[in-house]
Amino acid sequence: MRVVIAPDSFKGTLDARSAAEAIADGWRSVRAGDELRLLPMADGGEGTLEALAAPGARRIPVRVPGPDDRVVEAVVLLLPDGTGVVELASTSGITLIDPLRPMRAHTRGFGVAIRAALDAGATALLLTIGGSASTDGGTGALRELGARFLDAAGAEVPDGGAGLLLLERVDLTRLRAAPAGGVRVVTDVTSPLLGPGGAAAVFAPQKGASPAEAADLERGLARLAARLPAAPDASGAGAAGGTGFGLLAWGAELVPGAAAVAAAAGLPLALRGADLVVTGEGRFDAQSARGKVPEAVRALADGVPTALVAGAVDAEPAGYDSVVSLTDLVGRDASFADPAAALRRAGALLAAR
(Lines give C-alpha, C1' and ligand atoms only; values in the text may rest on other atoms or scores of the structure.)
Protein backbone atom coordinates (compact mmCIF):
# COMPACT_ATOMS: atom_id res chain seq x y z
CA MET A 1 0.00 0.00 0.00
CA ARG A 2 0.93 3.63 -0.49
CA VAL A 3 -0.03 5.56 2.62
CA VAL A 4 0.23 9.33 3.16
CA ILE A 5 0.45 10.39 6.82
CA ALA A 6 -0.51 14.06 7.17
CA PRO A 7 -1.48 15.11 10.71
CA ASP A 8 -1.54 18.50 12.40
CA SER A 9 0.32 18.92 15.68
CA PHE A 10 -1.26 17.43 18.78
CA LYS A 11 -1.10 20.78 20.55
CA GLY A 12 0.51 20.75 23.96
CA THR A 13 2.00 17.31 23.41
CA LEU A 14 3.63 16.66 20.00
CA ASP A 15 4.50 18.72 16.96
CA ALA A 16 3.15 17.58 13.60
CA ARG A 17 6.37 15.94 12.44
CA SER A 18 6.73 13.90 15.63
CA ALA A 19 3.08 12.88 15.41
CA ALA A 20 3.51 11.70 11.81
CA GLU A 21 6.64 9.73 12.73
CA ALA A 22 4.88 8.01 15.64
CA ILE A 23 1.91 6.97 13.49
CA ALA A 24 4.32 5.69 10.84
CA ASP A 25 6.30 3.67 13.38
CA GLY A 26 3.11 1.99 14.54
CA TRP A 27 2.02 1.25 10.97
CA ARG A 28 5.39 -0.32 10.09
CA SER A 29 5.18 -2.60 13.12
CA VAL A 30 2.25 -4.32 11.40
CA ARG A 31 2.88 -3.70 7.66
CA ALA A 32 6.60 -3.20 7.20
CA GLY A 33 6.48 -3.44 3.42
CA ASP A 34 4.15 -0.52 2.75
CA GLU A 35 5.31 2.76 1.22
CA LEU A 36 4.76 5.60 3.68
CA ARG A 37 4.94 9.31 2.84
CA LEU A 38 5.08 11.64 5.85
CA LEU A 39 3.73 15.15 5.29
CA PRO A 40 3.30 17.06 8.57
CA MET A 41 0.55 19.68 8.30
CA ALA A 42 -0.40 22.98 9.96
CA ASP A 43 -3.22 25.48 9.69
CA GLY A 44 -1.11 28.58 9.12
CA GLY A 45 -0.60 29.37 12.78
CA GLU A 46 2.24 28.45 15.09
CA GLY A 47 4.28 25.55 13.76
CA THR A 48 3.62 26.16 10.07
CA LEU A 49 7.22 26.87 9.20
CA GLU A 50 8.42 23.74 11.00
CA ALA A 51 5.75 21.63 9.30
CA LEU A 52 7.02 22.75 5.89
CA ALA A 53 10.71 22.30 6.71
CA ALA A 54 11.00 19.06 4.73
CA PRO A 55 14.26 17.80 3.18
CA GLY A 56 15.31 20.15 0.42
CA ALA A 57 13.96 23.26 2.15
CA ARG A 58 16.56 25.88 3.04
CA ARG A 59 16.45 27.57 6.45
CA ILE A 60 17.70 31.17 6.41
CA PRO A 61 18.49 32.74 9.81
CA VAL A 62 17.48 36.40 10.12
CA ARG A 63 17.90 39.05 12.82
CA VAL A 64 14.94 41.41 12.89
CA PRO A 65 13.55 44.18 15.10
CA GLY A 66 10.82 42.68 17.25
CA PRO A 67 7.50 44.43 17.83
CA ASP A 68 9.11 46.52 20.60
CA ASP A 69 12.43 47.04 18.69
CA ARG A 70 14.39 44.42 20.62
CA VAL A 71 16.36 42.13 18.30
CA VAL A 72 14.68 38.82 17.49
CA GLU A 73 16.40 35.77 16.00
CA ALA A 74 14.07 34.19 13.46
CA VAL A 75 14.13 31.90 10.44
CA VAL A 76 12.84 32.24 6.88
CA LEU A 77 12.19 29.05 4.92
CA LEU A 78 12.90 28.71 1.19
CA LEU A 79 11.07 25.71 -0.28
CA PRO A 80 12.49 23.71 -3.20
CA ASP A 81 9.95 25.25 -5.59
CA GLY A 82 11.20 28.76 -4.75
CA THR A 83 8.44 29.71 -2.30
CA GLY A 84 9.62 31.72 0.69
CA VAL A 85 7.74 31.06 3.93
CA VAL A 86 7.67 33.78 6.60
CA GLU A 87 5.84 33.65 9.94
CA LEU A 88 4.67 36.90 11.47
CA ALA A 89 4.43 35.21 14.90
CA SER A 90 8.18 34.54 14.96
CA THR A 91 9.15 38.09 13.92
CA SER A 92 6.42 40.45 15.15
CA GLY A 93 4.33 38.21 17.38
CA ILE A 94 2.64 38.91 20.68
CA THR A 95 4.73 36.30 22.50
CA LEU A 96 7.84 38.38 21.71
CA ILE A 97 6.73 41.44 23.66
CA ASP A 98 6.44 42.08 27.39
CA PRO A 99 4.88 44.34 28.47
CA LEU A 100 2.34 44.79 25.68
CA ARG A 101 2.52 48.02 23.64
CA PRO A 102 -0.87 48.36 21.96
CA MET A 103 -0.18 51.80 20.46
CA ARG A 104 3.48 51.43 19.49
CA ALA A 105 4.07 47.76 18.61
CA HIS A 106 4.83 47.30 14.92
CA THR A 107 5.44 44.78 12.13
CA ARG A 108 8.84 45.99 10.93
CA GLY A 109 10.48 42.66 11.76
CA PHE A 110 7.99 40.84 9.55
CA GLY A 111 8.95 43.14 6.69
CA VAL A 112 12.67 42.57 7.26
CA ALA A 113 12.09 38.81 7.10
CA ILE A 114 10.03 39.14 3.90
CA ARG A 115 12.83 41.20 2.39
CA ALA A 116 15.34 38.51 3.39
CA ALA A 117 13.26 35.86 1.64
CA LEU A 118 13.16 37.95 -1.54
CA ASP A 119 16.89 38.65 -1.34
CA ALA A 120 17.48 34.88 -1.02
CA GLY A 121 15.73 34.36 -4.35
CA ALA A 122 12.15 33.58 -3.39
CA THR A 123 9.97 33.59 -6.50
CA ALA A 124 6.73 33.39 -4.49
CA LEU A 125 5.77 34.04 -0.87
CA LEU A 126 3.62 32.21 1.67
CA LEU A 127 3.09 34.52 4.64
CA THR A 128 1.41 33.38 7.85
CA ILE A 129 0.03 36.24 9.93
CA GLY A 130 -1.40 34.71 13.11
CA GLY A 131 -0.34 35.92 16.56
CA SER A 132 0.33 39.61 15.87
CA ALA A 133 1.34 42.00 18.65
CA SER A 134 0.37 45.20 16.84
CA THR A 135 -2.44 47.14 15.20
CA ASP A 136 -0.37 49.06 12.65
CA GLY A 137 -2.19 47.99 9.48
CA GLY A 138 0.95 46.27 8.24
CA THR A 139 2.68 49.62 7.80
CA GLY A 140 5.81 48.43 9.60
CA ALA A 141 6.24 45.57 7.13
CA LEU A 142 5.52 47.81 4.14
CA ARG A 143 8.08 50.39 5.37
CA GLU A 144 10.77 47.71 5.28
CA LEU A 145 9.73 46.96 1.71
CA GLY A 146 10.13 50.59 0.65
CA ALA A 147 6.81 52.32 1.41
CA ARG A 148 6.75 55.67 3.24
CA PHE A 149 4.02 56.89 5.59
CA LEU A 150 4.20 60.65 5.99
CA ASP A 151 2.69 63.35 8.20
CA ALA A 152 1.61 66.84 7.15
CA ALA A 153 5.22 68.07 7.22
CA GLY A 154 6.45 65.22 5.02
CA ALA A 155 8.19 63.37 7.85
CA GLU A 156 7.78 59.66 8.57
CA VAL A 157 5.06 59.04 11.14
CA PRO A 158 6.10 57.01 14.22
CA ASP A 159 5.86 53.24 14.23
CA GLY A 160 2.75 51.50 15.46
CA GLY A 161 -0.92 52.24 15.42
CA ALA A 162 -0.46 55.56 17.21
CA GLY A 163 1.54 56.92 14.29
CA LEU A 164 -1.39 56.41 11.92
CA LEU A 165 -3.26 59.21 13.71
CA LEU A 166 -0.73 61.59 12.09
CA LEU A 167 -0.86 60.01 8.64
CA GLU A 168 -1.48 62.41 5.74
CA ARG A 169 0.19 60.81 2.73
CA VAL A 170 1.48 57.42 1.58
CA ASP A 171 4.37 57.16 -0.88
CA LEU A 172 4.56 53.78 -2.63
CA THR A 173 6.95 54.80 -5.41
CA ARG A 174 9.82 52.83 -3.86
CA LEU A 175 7.74 49.88 -2.68
CA ARG A 176 9.47 46.67 -3.69
CA ALA A 177 7.62 44.66 -6.31
CA ALA A 178 5.89 41.50 -5.21
CA PRO A 179 7.53 38.32 -6.57
CA ALA A 180 6.39 37.00 -9.93
CA GLY A 181 4.86 33.90 -8.33
CA GLY A 182 2.60 35.99 -6.14
CA VAL A 183 2.05 36.47 -2.42
CA ARG A 184 -0.35 34.23 -0.52
CA VAL A 185 -1.25 35.35 2.98
CA VAL A 186 -2.47 32.58 5.25
CA THR A 187 -5.18 33.56 7.71
CA ASP A 188 -8.40 32.10 9.03
CA VAL A 189 -9.54 35.52 10.31
CA THR A 190 -12.33 36.93 8.15
CA SER A 191 -12.73 40.31 9.87
CA PRO A 192 -12.76 43.53 7.83
CA LEU A 193 -10.30 46.28 8.65
CA LEU A 194 -12.79 48.69 10.26
CA GLY A 195 -15.99 48.72 12.27
CA PRO A 196 -17.34 46.73 15.21
CA GLY A 197 -16.01 43.48 13.76
CA GLY A 198 -12.68 44.97 12.66
CA ALA A 199 -9.05 44.87 13.72
CA ALA A 200 -9.18 47.52 16.45
CA ALA A 201 -12.57 46.71 17.96
CA VAL A 202 -12.12 42.95 18.17
CA PHE A 203 -8.42 42.29 18.47
CA ALA A 204 -6.74 45.42 19.91
CA PRO A 205 -8.07 44.73 23.44
CA GLN A 206 -6.37 41.33 23.30
CA LYS A 207 -3.12 43.21 22.66
CA GLY A 208 -3.51 45.42 25.70
CA ALA A 209 -5.55 48.34 24.31
CA SER A 210 -7.97 50.20 26.57
CA PRO A 211 -11.36 51.24 25.11
CA ALA A 212 -9.97 54.74 24.44
CA GLU A 213 -6.84 53.32 22.79
CA ALA A 214 -8.93 50.96 20.65
CA ALA A 215 -10.95 53.95 19.45
CA ASP A 216 -7.73 55.80 18.54
CA LEU A 217 -6.43 52.74 16.70
CA GLU A 218 -9.70 52.58 14.75
CA ARG A 219 -9.28 56.22 13.70
CA GLY A 220 -5.71 55.58 12.63
CA LEU A 221 -6.67 52.56 10.56
CA ALA A 222 -9.44 54.61 8.93
CA ARG A 223 -6.85 57.19 7.87
CA LEU A 224 -4.72 54.39 6.41
CA ALA A 225 -7.72 52.89 4.61
CA ALA A 226 -8.33 56.20 2.87
CA ARG A 227 -4.78 56.28 1.53
CA LEU A 228 -3.88 52.72 0.49
CA PRO A 229 -5.16 51.01 -2.69
CA ALA A 230 -6.99 48.10 -1.06
CA ALA A 231 -10.53 47.31 0.08
CA PRO A 232 -10.91 47.73 3.86
CA ASP A 233 -14.07 45.62 3.83
CA ALA A 234 -12.34 42.63 2.22
CA SER A 235 -12.59 39.39 4.18
CA GLY A 236 -9.44 39.11 6.26
CA ALA A 237 -8.36 42.74 5.86
CA GLY A 238 -8.51 43.07 9.65
CA ALA A 239 -6.27 40.07 10.29
CA ALA A 240 -3.13 40.66 12.38
CA GLY A 241 -4.03 44.20 13.34
CA GLY A 242 -4.77 45.15 9.75
CA THR A 243 -1.65 43.52 8.31
CA GLY A 244 -3.99 41.65 5.97
CA PHE A 245 -5.10 45.02 4.59
CA GLY A 246 -1.55 46.30 4.16
CA LEU A 247 -0.54 43.16 2.29
CA LEU A 248 -3.61 43.40 0.05
CA ALA A 249 -2.33 46.81 -0.98
CA TRP A 250 0.94 45.08 -1.99
CA GLY A 251 -1.05 42.79 -4.28
CA ALA A 252 -1.27 39.79 -1.98
CA GLU A 253 -4.06 37.20 -1.91
CA LEU A 254 -5.59 36.15 1.42
CA VAL A 255 -6.12 32.37 1.58
CA PRO A 256 -7.49 29.88 4.16
CA GLY A 257 -4.81 28.40 6.37
CA ALA A 258 -4.82 24.61 6.27
CA ALA A 259 -5.56 24.32 2.55
CA ALA A 260 -2.74 26.72 1.64
CA VAL A 261 -0.23 24.90 3.84
CA ALA A 262 -1.30 21.55 2.38
CA ALA A 263 -0.73 22.88 -1.12
CA ALA A 264 2.70 24.26 -0.19
CA ALA A 265 3.66 20.94 1.40
CA GLY A 266 2.81 19.09 -1.81
CA LEU A 267 -0.14 17.11 -0.45
CA PRO A 268 -2.23 17.12 -3.67
CA LEU A 269 0.65 15.55 -5.61
CA ALA A 270 1.42 13.06 -2.82
CA LEU A 271 -2.19 11.87 -2.83
CA ARG A 272 -2.06 10.79 -6.47
CA GLY A 273 -2.02 7.01 -6.47
CA ALA A 274 -2.28 6.79 -2.66
CA ASP A 275 -4.35 3.96 -1.14
CA LEU A 276 -4.95 5.75 2.15
CA VAL A 277 -4.30 9.10 3.85
CA VAL A 278 -4.05 9.36 7.63
CA THR A 279 -4.64 12.74 9.23
CA GLY A 280 -5.26 13.94 12.77
CA GLU A 281 -5.14 16.55 15.51
CA GLY A 282 -5.28 16.80 19.26
CA ARG A 283 -9.01 17.36 19.53
CA PHE A 284 -11.59 16.86 16.80
CA ASP A 285 -14.56 19.06 17.68
CA ALA A 286 -17.16 21.35 16.15
CA GLN A 287 -14.44 23.81 15.12
CA SER A 288 -12.57 21.18 13.11
CA ALA A 289 -14.93 21.49 10.17
CA ARG A 290 -14.10 25.19 9.82
CA GLY A 291 -10.83 24.96 7.96
CA LYS A 292 -8.77 22.86 10.37
CA VAL A 293 -6.19 20.38 9.08
CA PRO A 294 -8.16 17.09 9.11
CA GLU A 295 -11.04 18.53 7.12
CA ALA A 296 -8.69 20.22 4.64
CA VAL A 297 -6.84 16.93 4.12
CA ARG A 298 -10.09 14.98 3.72
CA ALA A 299 -11.34 17.48 1.15
CA LEU A 300 -8.12 17.23 -0.86
CA ALA A 301 -8.18 13.42 -0.67
CA ASP A 302 -11.04 13.47 -3.19
CA GLY A 303 -11.88 9.79 -3.13
CA VAL A 304 -8.76 8.47 -1.41
CA PRO A 305 -9.87 6.66 1.78
CA THR A 306 -9.14 8.85 4.79
CA ALA A 307 -8.44 7.85 8.40
CA LEU A 308 -8.62 10.22 11.37
CA VAL A 309 -6.56 9.97 14.55
CA ALA A 310 -7.43 12.42 17.33
CA GLY A 311 -6.54 12.75 20.96
CA ALA A 312 -10.25 13.13 21.65
CA VAL A 313 -13.27 13.06 19.35
CA ASP A 314 -15.93 15.50 20.56
CA ALA A 315 -17.96 15.84 17.33
CA GLU A 316 -19.23 13.45 14.69
CA PRO A 317 -16.35 12.91 12.20
CA ALA A 318 -18.48 12.53 9.09
CA GLY A 319 -16.84 11.32 5.90
CA TYR A 320 -13.88 9.43 7.39
CA ASP A 321 -13.33 5.77 6.55
CA SER A 322 -11.72 5.00 9.89
CA VAL A 323 -11.49 6.91 13.18
CA VAL A 324 -9.23 6.34 16.19
CA SER A 325 -9.63 8.27 19.43
CA LEU A 326 -6.52 8.08 21.63
CA THR A 327 -8.69 8.67 24.68
CA ASP A 328 -10.74 5.59 23.81
CA LEU A 329 -7.67 3.59 22.78
CA VAL A 330 -5.37 4.13 25.77
CA GLY A 331 -7.22 6.49 28.11
CA ARG A 332 -6.92 10.24 28.54
CA ASP A 333 -4.11 10.15 31.12
CA ALA A 334 -1.96 7.74 29.10
CA SER A 335 -2.48 9.71 25.89
CA PHE A 336 -1.14 12.85 27.58
CA ALA A 337 1.63 11.09 29.49
CA ASP A 338 3.12 9.43 26.38
CA PRO A 339 1.42 10.73 23.23
CA ALA A 340 4.01 9.19 20.92
CA ALA A 341 3.30 5.72 22.33
CA ALA A 342 -0.43 6.31 21.95
CA LEU A 343 0.01 7.36 18.32
CA ARG A 344 2.17 4.33 17.60
CA ARG A 345 -0.67 2.15 18.87
CA ALA A 346 -3.10 4.08 16.69
CA GLY A 347 -0.87 3.56 13.65
CA ALA A 348 -0.65 -0.15 14.35
CA LEU A 349 -4.43 -0.40 14.77
CA LEU A 350 -5.06 1.35 11.46
CA ALA A 351 -2.57 -0.92 9.69
CA ALA A 352 -4.29 -3.98 11.13
CA ARG A 353 -7.65 -2.73 9.94
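Throughout, a residue's number is its position along its own chain's written sequence, starting from 1. Residue-level local features of this predicted model are given only where pLDDT is at least 70; pairs of side-chain atoms are given and counted only at 80 or more, and the full residue set underlies all totals for whole chains, interfaces and linings. Excluding hydrogens and water, the side-chain figures rest on all heavy atoms present in the structure.

Draft legend 1. Spotlight on the layout of surface pockets. The definitions used throughout rest on a 1 Å grid laid over the protein atoms alone, on which a cavity is an enclosed set of points accommodating a 1.4 Å probe that cannot get out and a pocket is an open set flanked by protein within 12 Å on both sides along at least five of seven lines; lining residues are those having an atom within 4 Å of a point. Grid points are joined across faces, edges and corners, and a volume is the space filled by probe spheres set on the points. Quantified by volume, the largest pocket comes out at close to 480 Å³. Lining the largest pocket are 21 residues, and of these Ile129, Gly130, Gly131, Thr187 and Val189 lie nearest its centre. Secondary structure follows DSSP: runs of H or I at least 4 residues long count as helices, runs of E at least 2 residues long count as strands, and numbering of each begins at the N terminus. For the lining of the largest pocket, the leading source of residues is helix α8 (residues 239–249), giving three residues. Tallied by class, the residues present in the lining of the largest pocket amount to seven nonpolar, eight polar and six charged. Charged means Asp, Glu, Lys or Arg here, nonpolar means Ala, Val, Leu, Ile, Met, Phe, Trp, Tyr, Cys or Pro, and polar covers whatever is left, Gly included.

Draft legend 2. Just the environment of Gly257, in detail. Assignment of secondary structure puts Gly257 in helix α9 (residues 257–265). Residues Gly257 and Thr123, 134 residues apart in the sequence, show an inter-C-alpha distance of 20 Å. Any pair of residues with heavy atoms lying within 4.5 Å of one another is described as a contacting pair. If sequence neighbours within four positions are ignored, Gly257 has contacts with Asp43, Gly44, Val186, Thr187 and Asp188.

Draft legend 3. Main features of the environment of Ala346. Inspection of the secondary structure puts Ala346 in helix α14 (residues 339–352). For Ala346, a relative accessible area of 0% corresponds to the buried category. Distance in space between the C-alpha atoms of Ala346 and Leu79 is 31 Å, their sequence separation being 267 residues. Setting aside chain neighbours within four positions, we find Ala346 in contact with Val309, Val324, Leu326 and Leu329. Using a 1.4 Å probe on the protein chains alone, a residue whose accessible area is under 20% of its type maximum counts as buried, one over 50% counts as exposed, and one in between counts as partly exposed.

Draft legend 4. Representation of the packing of helix α1 (residues 16–28) against α14 in the model. Look at α1 against α14: their axes get within 6 Å of each other, and the N-to-C directions meet at 45°. Accordingly, the angle class assigned to the pair α1 and α14 is oblique. α1 and α14 meet at a crossing whose hand is right-handed. Residue-level contacts link Ala19, Ala22, Ile23, Asp25, Gly26 and Trp27 of α1 to Ala340, Leu343, Arg344, Gly347, Ala348, Leu350 and Ala351 of α14. Axis definition: a line fitted to C-alpha atoms, limited for helices to the stretch in contact. Angles are taken between N-to-C directions and run from 0 to 180 degrees. When describing relative orientation, an angle under 35 degrees is termed roughly parallel and one over 145 degrees roughly antiparallel, while 65 to 115 degrees is termed roughly perpendicular and anything else oblique. It is the rotation of the near helix from the far one that decides the hand of a crossing: anticlockwise by less than a right angle makes it left-handed, clockwise makes it right-handed.

Draft legend 5. Inspection of unusual backbone geometry at higher detail. Here the amide bond leading from Asp98 into Pro99 is cis, since omega sits at 5°, within 30 degrees of zero. With respect to the secondary-structure elements, Pro99 resides in the loop between α3 (89–92) and α4 (108–119).

Draft legend 6. Structural context of the pairing of strand β9 (residues 183–186). In short, DSSP must find at least two bridges between two strands for them to pair. As defined by bridge partners, strand β6 (residues 124–128) adjoins β9 across four bridges and the pair is classed as parallel. Paired with Leu127 across the bridge in β9 is Val185. Pairing analysis gives three bridges linking β9 to strand β10 (residues 253–255), with the strands arranged parallel. Across the sheet, the residue bridging to Arg184 is Glu253, located in β10.

Draft legend 7. Quick peek at the nonpolar core. In this structure, Phe110, Ile114, Leu125, Leu127 and Trp250 are the most contacted members of the largest nonpolar core, which totals 53 residues. Every residue in contact with Phe110, bar those within four places of it in the chain, is listed here: Val86, Glu87, Leu88, Thr91, Ser92, Leu127, Thr128, Ile129, Ala141, Thr243 and Leu247. Core analysis: the next-biggest nonpolar cluster, separate from the first, contains 30 residues, Leu126, Ala262, Ala296 and Ala301 among them. Definition of nonpolar core: a set of buried residues of the types Ala, Val, Leu, Ile, Met, Phe, Trp, Tyr and Cys, connected through side-chain atoms within 4.5 Å.

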